Amino acid sequence: MKVSLKWLNDYVDIRLGAEQIAEKLTMAGLEVTGIQTLGGTWERIEVGEVVAVNPHPNADRLRLATVELGAGQVTVVCGAPNIAPGQRVPFAGIGARLIDGRTGEAVSLKAAKIRGVVSEGMVCSEKELGISDNHEEILVLPPEAPVGAALSDYLGDVVLDLDVTPNRPDCLSVIGIAREIAALTGESLRLPEIHYEESAESIDSFASVEIAEPELCLRYCASLLTGIKVGSSPGWLQQRLSSCGMRPINNVVDVTNYVMLEYGQPLHAFDFHELRGGQMVVRRARQGETITTLDEVQRTLNTDILVIADKERAVAIAGIMGGSGSEVTAATDTILIESASFDQAAVRGGSNQLRVQTEASVRFDKGLNSDLPLPPLRRATQLLLELAGGKGARGIIDVYPGKSEPQFLSLTAREVERISGLQVSAAETIGTLRALGFECKESDSDSQIFVSVPYWRSDIKCSADLVEEVVRTMGYEKIPITRLSAQLPRQRAKLSPAQRRSDLRDSLRDMLTGFGFQEVLTYSLVSLEKLERLSPRRKLEAAPLSVANPMSREQEALRTSLRAGLLATVAHNRRSGTAGMRLFEIGKVFSSRGKDLPDEREMVCALLTGARSEMSWHGEGEVLDFFDAKGTVENMMNRFGSKAIFEAADDETFSAGRGASIVIEDERVGVVGEVHPSVAQAFELSGSVCLVEIDVEKLVTKITGAKQYRPILRFPGATRDMALVLDDHVSYRSVEDIIRSTLLVTQVILFDVYRGEQVPEGKKSFAVRIVYQSPSHTLTDEEVDRNQQQMLDRLRQELGATLRAST
Amino acid sequence: MLEQLKDIHRQAVEELDGVADAKALELWRVRYLGKKSSLTGALRSLAALPLEERRDVGARANEIKRDLESRLEEKERFLQQSLLTSPLASQGIDVTLPGRPIPTGRLHPITQTLNEICCVFRNMGFQTIEGPDVEWDYYNFEALNIPQHHPARDRFATLWIDAGAGAKARLLRTHTSPMQIRWMERERPPIRVIAPGRVYRYEATDATHESMFCNVEGLAVDRSITLADLKGTLFEFCRCLFGEERQVRFRCDYFPFVEPGVEVAISCAACDGAGCRVCGYSGWVETAGAGMVHPDVLRRVDIDPQTYSGFAFGVGVERISMLRHGIDDIRLFYSNDLRFLRQF
Ligand SMILES: [Zn+2]
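Because the structure is predicted, anything quoted here is derived from the model rather than measured.

(A) The overall build of chain A, seen in detail. A count of helices and strands for chain A gives 21 helices and 41 strands. Taking 28 Å as the expected radius of gyration for a compact globule of 807 residues, we find that chain A reaches 42 Å, considerably beyond that expectation. Along the three orthogonal principal directions, the C-alpha set of chain A runs to about 130 × 85 × 60 Å. Across the 807 residues of chain A, 52% fall into the buried class. At a minimum sequence separation of 6, the contacts of chain A that also span at least 24 residues come to 69%. Accessible surface computed for chain A: about 37,500 Å², of which carbon and sulfur atoms make up 48%. Looking at charge distribution, chain A has the averaged site of its 90 positive side-chain charges lying 5 Å from that of its 112 negative ones.

What follows is the structure, encoded as structure tokens:
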């Protein structure tokens, strides 16, 4: 809402500067987002009257204009084609600050000799005054502009741009804002006085109104004027509309707009002769009924939409826009002015369905009280009689099925303090509320204050609302600053699953960043196509949950996996030249559960690709591979103190035979593997890309309680190295299982895996270091040899292992 | 025998002169003072000598041994000293050569900021709770005093799962405020929690708008909690995150589920309150929306608003991160460009 200070000044004395007013309004809840000053730099610019225009002796296009300034006459050179005697114009004297018409820069006006004639000043265009970009013509002021007055006094103004919150439709009006300013500055509010003469003929002899939908149209008021003359509005009216960002059209439309801005009540003027029969009905539109609205768009309606209709057809969409068939034109001489109260939800629904928002609809959809329509209707009628002539029919049509009950609330000063912490007296409370238009009565017996809510404040419904009114008007800056003193909630001895998950998430983040992984965060919404890329078959196993109204295909569905986001992130960064990457994300994935809320599971996904270390003089690292990924998982599990087993497993994202399940206590908690080349390619990636994915919800159940201390082995251990030859298909885990189950073995290190000349075809060699240690004594060679022999026997019998070498 | 010892001594002293590094010194030590050295051999063979000679030779041999040992010590000290004082000696390293690259992981700036925010509130006794991203219309709107057709719905451009209206419609939560209801449905005062999480909007993205961002909701309910406590809590929060020098402003604002409602802003750090592009020429940057929990909301979860009162607030994590780090485009956060992420 834009509002001019000059206009506000009609209703309240403004003694503070624009900045201070803006500050007060902002603090009290009406945020001022902009202040535009018109004419702040207009010095030595006056209103003049053109008394003569003569040809320039030396130039065809230029003329000599003589301007009367009250204190004397000046003749200047002028190039504008529209200058004519009798006009009131802005005249800039020498030294005035103007915008240069060609360069757009601020300049100081100097005396100049133009084609041999000295020009001591200038008649200004809108551009030179900084009002608009128009530089073709001079600005012609209204004929009532006082000659000799400073232009800034006559035309200058300050316009505030307010962001009105949806609870305050009353402040979508100049009077509403003036009322706020009055309460905030301790001034009093002046409302327009309305009186006009009515003719003998009653409005009822012309028109009637029937409300067929009393639930949707709470009140319909109308007045009627005959014999009016449609023309342009006077300058002051045009100026005020322009200052609020509205385009002047004609005196009738301008008055309805003016009064809407003044009171916040939308009005509509019909050309009465186009209302066939004058018997109006407010009804639901018929299915498929059409109307061409004022913007010349033909709209197809349905039964959800409320219309104003005459005997034959809809003539307006209630609360949204009038029809072009009954538009006021130059030929109009009789008008019906509507001031009605439509149901907020009906207007809102209609406006959403038709995808049209108007100055009227945005006001109705915030909920206007049904007590509002009458004063603005009478105000508009008065102004129209003044500005368009004619006669006002006697009386007013007022069909009022939805009369609103006045609100009564009660409040105490103690309640204000209980909620706000601000100490106030009953007198201050009452004084503040009265300034805002609330009627207050103090109880004789106790400290209760009975408050009657004025009709324009339909947002006030309970005592908390009144507390805000008192505190915001007195000023939030007066609220003291205190610390929470109430008792702390009881802490739980046992952490909830959510808290344990959150703790686990923190440790995962710590570990992964410690291992050199960069955290990324990707969108929860992805394209289906991107999720499909995760399988070489380009198929999804289950349909993800989709958004009904997505912004774009890119964000149409809730992710079922973090993989796509990470792969796309790698691709994005590859393009900008980053080679080796270790990335991870911890976040939710979603899976549909019918009509219920989806299952939201927290996952951690890590991705490794490219060089193991950055290029440096220490030599370039090799390429990150499966075992870097697996090592990451092993490290994490070690830190958690849980033992994970890796089992070969198929996963569509991975190359066949190059993926594994991560199993803890017989449950699969995640996967690790090498991304299938065709999947990588779909994300425009090449080379080895490895991925780890762990279900945080499952992992959290595997990590229990505090870790238990085990005594440190104090006796020296004995080390044995050996190289075993095995069939290629024998897994390392089966070898290690046997070694570890051997008595006194405390450590097993695989330090070489070898295939080649030294071992037969189809075989491989594992070189293993084994550490034996006893908790009770220093081991003798005999003890170690005995255990080692038992172990080798088992390896031979169960896995067919042979010993290649040992020490 | 004595002659022999004299030769050994002379030879050892001469050779020691030529020793230039620790390795050569060790070899020298083994040769002249080790178990197999001729000096040790001489001492070992003493037993075979007549008593008279044994005493003389023994005394001499021990004398030589002590002398060589002290020379060894001196040489060791000398070598160490020269190692420390002459950088260009062969043992020195060019310390200006770059170190071995260690892979560095960092947290996303949003995680970092979120951790800081949660830490400040945790220190004030707030527990962290979480809730679903996909919500019922009821929790996101209805229970927060935003029924169907409420004009405030315009301020929450919503991404819907179910196009059909009603409290049973699913949507992507537009704020973390549903957690107020979810928590108060199961807990009784005293309540003091924060709920961080992702929120979503049907919004075209630009430098200051995202379709997904991170919020932290706060809620405290008890007897005698006031707007002044809210002011104290949020002022403290702003002071911790932005420092003493920033001013904090508390102004009236409207959110349907709080009454009175508050907007919290800090003075713009980019222009020090004078007005610039960052703050929309107002000198202030909004950091939180807040207010006293609306009595209707309390009543809806069976908490008596006559006995209890509470405050709630919501802060945008991206906004705070942008202010703290001078980031001028919100889209940088979820584009995950490493050239951006590696700056934090
Ligand atoms: Zn600024």
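(B) Quick peek at the overall build of chain B. Regarding its fold elements, chain B presents 12 helices and 9 strands. Computed over the C-alpha atoms, the radius of gyration of chain B is 39 Å, more than 25% above the 20 Å expected from 2.2 N^0.38 for a compact globule of 344 residues. C-alpha atoms of chain B, sized along the principal axes, occupy 120 × 45 × 40 Å. Going through the 344 residues of chain B one by one, you find that 53% of them count as buried. In chain B, once contacts between residues fewer than 6 apart in sequence are set aside, the share between residues at least 24 apart is 66%. A total accessible area of about 16,000 Å² is found for chain B, and carbon and sulfur atoms account for 51% of it.

(C) Highlighting the interface of chain A and chain B. At the junction of the two partners, chain A supplies 94 residues and chain B supplies 95 residues. Taken together, the links from chain A to chain B amount to 8 salt bridges. When residues of the side of chain A that touches chain B are traced back to their parent elements, those giving at least two are helix H2 (18-27), helix H8 (344-354), helix H11 (413-420), helix H13 (463-474), helix H14 (497-514), strand E29 (518-519), helix H16 (563-575) and strand E32 (581-591) of chain A. Here the side of chain A that touches chain B gets 7 residues from one element, more than from any other, and that element is E32 of chain A. In terms of residue class, the side of chain A that touches chain B is made up of 37 nonpolar, 30 polar and 27 charged.

(D) Spatial organisation of the pattern of salt bridges. On inspection of all chains with the given rule, the structure shows 79 salt bridges over all chains. Its salt-bridge partner being Arg 198 of chain B, residue Glu 585 of chain A comes within 3.6 Å of it at the nearest N-O pair. With one member in each of two chains, Glu 585 of chain A in strand E32 and Arg 198 of chain B in strand E4 (residues 191-200) form a pair that bridges those chains. Like Glu 585 of chain A, the residue Arg 198 of chain B is buried in the burial classification. Across the salt bridge formed by Glu 263 of chain B and Arg 251 of chain B, the nearest N and O atoms sit 3.0 Å from each other.

(E) Summary view of the packing of aromatic side chains. Overall, the coordinates contain 21 aromatic pairs over all chains when judged by the stated rule. Measuring from centroid to centroid gives 5.7 Å for Trp 236 of chain A and Tyr 258 of chain A, while their planes differ by 85°, and the two rings are edge-to-face. Of this pair, Trp 236 of chain A sits in helix H6 (residues 235-243) while Tyr 258 of chain A sits in helix H7 (residues 251-263); the two residues are 22 residues apart in sequence, bridging distant segments of the chain. Centroid distance Tyr 732 of chain A to Phe 766 of chain A: 5.4 Å. Interplanar angle 85°. Geometry classified as edge-to-face. Placement of the pair is Tyr 732 of chain A in helix H20 (residues 732-740) and Phe 766 of chain A in strand E40 (residues 763-772), with a sequence separation of 34 residues. An aromatic cluster is built from Phe 121, Phe 126, Phe 237, Phe 311 and Phe 313 of chain B, whose rings are joined through pairwise contacts.

(F) A look at the coordination of the zinc ion. All names here are of chain B. Taken together, Cys 268 (SG), Cys 271 (SG), Cys 276 (SG) and Cys 279 (SG) make up the protein donors of the zinc ion, found 2.2 to 2.3 Å from the metal. In this structure, the zinc ion is coordinated by 4 donor atoms arranged in tetrahedral fashion, with angles at the metal of 104 to 112°. One chain supplies every donor for the zinc ion, spaced along it as C-x2-C-x4-C-x2-C. Judged by its relative accessible area of 16%, Cys 276 is buried.

(G) Geometry of the packing of H2 of chain A against helix H5 (residues 174-185) of chain A. Residue and element names in this part refer to chain A. H5 packs onto H2 with a crossing angle of 95° between their chain directions and a minimal axis gap of 10 Å. Judged on the interaxial angle alone, H5 and H2 are roughly perpendicular. Of H5, the residues touching H2 (which contributes Ile 21, Lys 24 and Leu 25) are Ile 177, Glu 180, Ile 181, Leu 184 and Thr 185. Considering only residue class, the contact of H2 with H5 consists of 5 nonpolar, 1 polar and 2 charged.

(H) Structural detail: the nonpolar core. In this structure, Met 184 and Phe 313 of chain B are the most contacted members of the largest nonpolar core, which totals 137 residues. Sorting elements by how many residues they give to this core places helix H8 (residues 227-242) of chain B first, with 9 residues. Leave out the neighbours within four places in its chain, and Phe 313 of chain B touches Phe 121, Phe 126, Ile 194, Val 216, Glu 217, Gly 218, Leu 230, Leu 234, Gly 289 and Ala 290 of chain B. Core analysis: the next-biggest nonpolar cluster, separate from the first, contains 56 residues, Val 158, Tyr 196, Leu 241 and Leu 261 of chain A among them.

(I) Expanded view of the domain arrangement of chain B. The assigned domain composition of chain B is domain 1 (2-91) and domain 2 (109-341). Domain 1 of chain B and domain 2 of chain B are separated by 81 Å when their C-alpha centres are compared.

(J) A look at the packing of H20 of chain A against helix H21 (residues 781-799) of chain A. Residues and elements named next belong to chain A. Axis separation between H20 and H21 bottoms out at 9 Å; the angle between their running directions is 145°. Crossing hand, H20 versus H21: right-handed. Residue-level inspection shows Ser 734, Val 735, Ile 738 and Ile 739 of H20 in contact with H21, the latter providing Met 791, Arg 794, Leu 795, Glu 798 and Leu 799. Per-class residue counts for the contact of H20 with H21 are 6 nonpolar, 1 polar and 2 charged.

(K) Representation of the pairing of strand E23 (residues 335-342) of chain A in the model. All names here are of chain A. Counting buried residues in E23 gives 8 out of 8 residues, a clear majority hidden from the surface. Where burial is concerned, the two faces of E23 agree: the one with Ile 335, Ile 337, Ser 339 and Ser 341 and the one with Leu 336, Glu 338, Ala 340 and Phe 342 are both buried. In this sheet, E23 lies alongside strand E15 (residues 217-226) in antiparallel orientation, the contact comprising 8 bridges. Across the sheet, residue Ser 223 finds its bridge partner in E23, namely Ile 337.

(L) Local environment of helix H10 (residues 374-388) of chain A. All names here are of chain A. Here H10 contains 15 residues, and its C-alpha end-to-end distance of 21 Å stays within 8% of the 21 Å for a straight helix at 1.5 Å per residue. Among all positions of H10, only Pro 376, Leu 377, Arg 379, Ala 380, Thr 381, Gln 382, Leu 383, Leu 384, Leu 385 and Ala 388 are buried. Against E15, H7, E23 and strand E24 (391-394) lie the buried residues of H10. Phi turns positive, to about 70°, at Gly 389, one or two residues after H10.

(M) Broad picture of the environment of Ala 20 of chain B. Note on placement: Ala 20 of chain B falls in the loop between helix H1 (2-18) and helix H2 (22-33). Put simply, Ala 20 of chain B and Arg 170 of chain B are 150 residues apart on the chain and 83 Å apart in space, counted from C-alpha to C-alpha.

The rules we used
- Throughout, residues of each chain are indexed from 1 in the direction in which the sequence is written.
- The naming scheme follows written order: chains are lettered A onward, ligands numbered 1 onward.
- pLDDT decides what is reported in this predicted model: residues at 70 or higher carry local features, side-chain atom pairs at 80 or more are listed and counted, and totals for whole chains, interfaces and linings draw on all residues regardless.
- Hydrogens and waters are ignored; side-chain quantities use all the structure's heavy atoms.
- The secondary structure listing takes helices from DSSP runs of H or I that are at least 4 residues long and strands from runs of E that are at least 2 residues long, numbered from the N terminus.
- C-alpha atoms define the radius of gyration in this analysis, and the globule rule sets the expected value at 2.2 Å times the number of residues to the power 0.38.
- Only protein chains enter the calculation, and the probe is 1.4 Å; a residue is then buried if its accessible area is under 20% of its type maximum, exposed if over 50%, and partly exposed in between.
- Here, residues are in contact when the closest pair of their heavy atoms is within 4.5 Å.
- Using the Shrake-Rupley algorithm and a 1.4 Å probe, accessible areas are obtained, with residue cover drawn only from the displayed protein chains.
- When charges are counted, Lys and Arg contribute as positive and Asp and Glu as negative, whereas His and the chain ends are disregarded.
- Taken as the charge location is NZ of Lys, CZ of Arg, CG of Asp or CD of Glu.
- Every case where a carboxyl oxygen of Asp or Glu lies within 4 Å of a side-chain nitrogen of Lys or Arg is listed as a salt bridge.
- Gly falls in the polar group here, along with every residue not listed as nonpolar (Ala, Val, Leu, Ile, Met, Phe, Trp, Tyr, Cys, Pro) or charged (Asp, Glu, Lys, Arg).
- For Phe, Tyr and Trp, rings pair up if their centres lie within 6.5 Å, where Trp contributes its six-membered ring, and each pair is then called stacked (planes under 30 degrees apart), edge-to-face (over 60) or tilted (otherwise).
- Note: metal donors comprise N, O and S atoms at 2.8 Å or less from the metal (3.2 Å for Na, K and Ca); water molecules are not included, so apparent gaps in a site are possible.
- Sites are called tetrahedral only when four donors show all angles between 85 and 135 degrees, square planar or octahedral only when four or six donors show opposite pairs over 155 degrees and all other angles between 65 and 115, and irregular in any remaining case.
- Axes here mean lines fitted to C-alpha atoms, for a helix over just the part in contact, with angles spanning 0 to 180 degrees between N-to-C directions.
- Oblique is the label for any angle not covered by the other classes, which are roughly parallel (under 35 degrees), roughly antiparallel (over 145) and roughly perpendicular (65 to 115).
- Remark: nonpolar core denotes a set of buried residues (Ala, Val, Leu, Ile, Met, Phe, Trp, Tyr, Cys) joined through side-chain atoms within 4.5 Å.
- Start and end positions for the domains come from either an automated domain assignment or a database one.
- Crossing handedness follows the turn of the near helix against the far one: under a right angle anticlockwise gives a left-handed crossing, and clockwise gives a right-handed one.
- At least two bridges found by DSSP between two strands are what make those strands a pair.
- The span you would expect from a helix comes to 1.5 Å times its residue count less one.

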